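A closer look at the structure
Next come the chains, spelled out residue by residue.
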Amino acid sequence: MISALSLFAIALISAQVLHCKISDAIPGFTLGLRVFLVVWRLDRLGRSLKDLIETMETLDKRGIGLSSLQESITTTNNSGRLIFHLFGALAEFERNLIRERTTAGLVAARKRGHRGGRPKALDPAKRQLAVKLYTERQHTIIEICKLMGISKPTLYNYIAEINT
C-alpha cells in the first residue's frame, strides 16, 4: 500500500474546487510522481468539449493524468484519450439537445398562450385600484401595500407597468 502511494498521487477534486484553475487545484506535487486528477464525471470538468480538451492538454503538459470515475476513463494511454474525446463530444451533443428541446418547448408554450414566470399577486382590476390609490395621494404607500396585501416593490412595479 505504501509503495502504491509513492507511485501515484491522486487528487480528488470536489465541485467547488473544479471552478478554480487547475494549477491552484494541484499545488506542490513533486516531479517523479505520476499524478492523476480524478473527477466524478467528465461534464464536471468543463462546460464544452473545447474546455475539456484544453484542460486535458494543460494536464498533459504538467504530466498529470486524468481519470473519470463515472465513465471509467484514464487518459494515460491512447485508447483512454480516444474514449475521452468520444464521451466529451457525446456529452456536449446531449447538452445541446437539451437546450434545443427546452427552447422549442418554451416557444410552443408561448404559442399556446402560456406565459412563463411567477403569476401576478393581483388581478388587473386590483392592480389598477392600487395605482389609483397611489395617484390620489390620500393613503401612504405602506397603507396601500397593507390594504392590497402586496410589498412596496410590487406596488412600484404595478405603477411602472401602468404608466408605460
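Above this text is the structure in question.
One structure accompanies this document, and this report is about it. (Residues numbered from 1 in each chain as written. Predicted model: local features only at pLDDT ≥ 70, side-chain atom pairs only at ≥ 80, totals over all residues. Heavy atoms only, no water.)

**Quick notes on the packing of helix H6 (residues 124–136) against helix H7 (residues 141–148)**
Interhelical geometry of H6 versus H7 gives an angle of 160° and a closest axis separation of 10 Å. The pairing of H6 with H7 is recorded here as roughly antiparallel in orientation. For H6 against H7, the interelement crossing comes out right-handed. Counted together, Lys126, Leu129, Ala130, Leu133 and Tyr134 of H6 and Ile141, Ile144, Leu147 and Met148 of H7 form the full contact between these two elements. Across the contact of H6 with H7, the residue classes tally to 8 nonpolar, no polar and 1 charged. (Axes fitted to C-alpha atoms, helices over the stretch in contact; angles between N-to-C directions. Helix = DSSP H or I, 4+ residues; strand = E, 2+ residues; numbered from the N terminus. Parallel < 35°, antiparallel > 145°, perpendicular 65-115°, else oblique. Left-handed = near helix turned anticlockwise from the far one by under 90°. Contact = heavy atoms within 4.5 Å. Nonpolar A, V, L, I, M, F, W, Y, C, P; charged D, E, K, R; others polar.)

**Concerning the pattern of salt bridges**
Per the counting criterion, the structure on display carries 3 salt bridges. Close ionic contact of lysine 120 with glutamate 161 constitutes a salt bridge, the shortest N to O distance being 3.0 Å. With a gap of 41 residues between them, lysine 120 in the loop between helix H5 (78–111) and H6 and glutamate 161 in helix H8 (residues 152–163) connect regions that are remote in the sequence. Classification of lysine 120 by relative accessible area gives partly exposed; the value is 42%. Among the salt bridges present, the one from glutamate 161 reaches arginine 127, with a minimum N-O distance of 3.0 Å. Linking glutamate 161 in helix H8 with arginine 127 in helix H6, this pair joins segments that are 34 residues apart in sequence. (Salt bridge = Lys/Arg side-chain N within 4 Å of Asp/Glu carboxyl O. Buried < 20%, exposed > 50% of the residue type's maximum accessible area, 1.4 Å probe, protein only.)

**Structural notes on H8**
With 12 residues, H8 extends 16 Å from end C-alpha to end C-alpha; this agrees with the ideal 16 Å at 1.5 Å per step. The complete set of buried residues in H8 reads Leu155, Tyr158 and Ile159. Buried residues of H8, seen end-on, are gathered within an arc of 100° and therefore sit on one face of the element. In H8, the exposed positions that point more than 90 degrees away from the buried face belong to Pro153 and Asn157. The inward-facing, buried residues of H8 abut H6 and H7. (Expected span 1.5 Å × (residues − 1). Arc of directions from axis to C-beta.)

**Description of the packing of helix H4 (residues 49–61) against H5**
The N-to-C vectors of H4 and H5 enclose an angle of 150°; their axes lie 9 Å apart at closest approach. Between H4 and H5, the angle is such that the two are roughly antiparallel. Where H4 crosses over H5, the handedness of that crossing is right-handed. Here Leu49, Leu52, Ile53, Met56 and Asp60 of H4 come into contact with H5, specifically with Arg81, Phe84, His85, Gly88, Ala89, Glu92 and Arg95. When the residues that make up the contact of H4 with H5 are grouped by side-chain class, the tally is 6 nonpolar, 2 polar and 4 charged.

**Let's talk about the packing of aromatic side chains**
Going through the model one piece at a time under the given rule, you end up with 0 aromatic pairs. Its guanidinium or amino end placed over the ring of tyrosine 134, arginine 137 lies 4.8 Å from that ring's centre, counting from NZ or CZ. (Phe/Tyr/Trp six-rings, centres within 6.5 Å; stacked < 30°, edge-to-face > 60°. Lys NZ or Arg CZ within 6 Å of the ring centre and 35° of its normal.)

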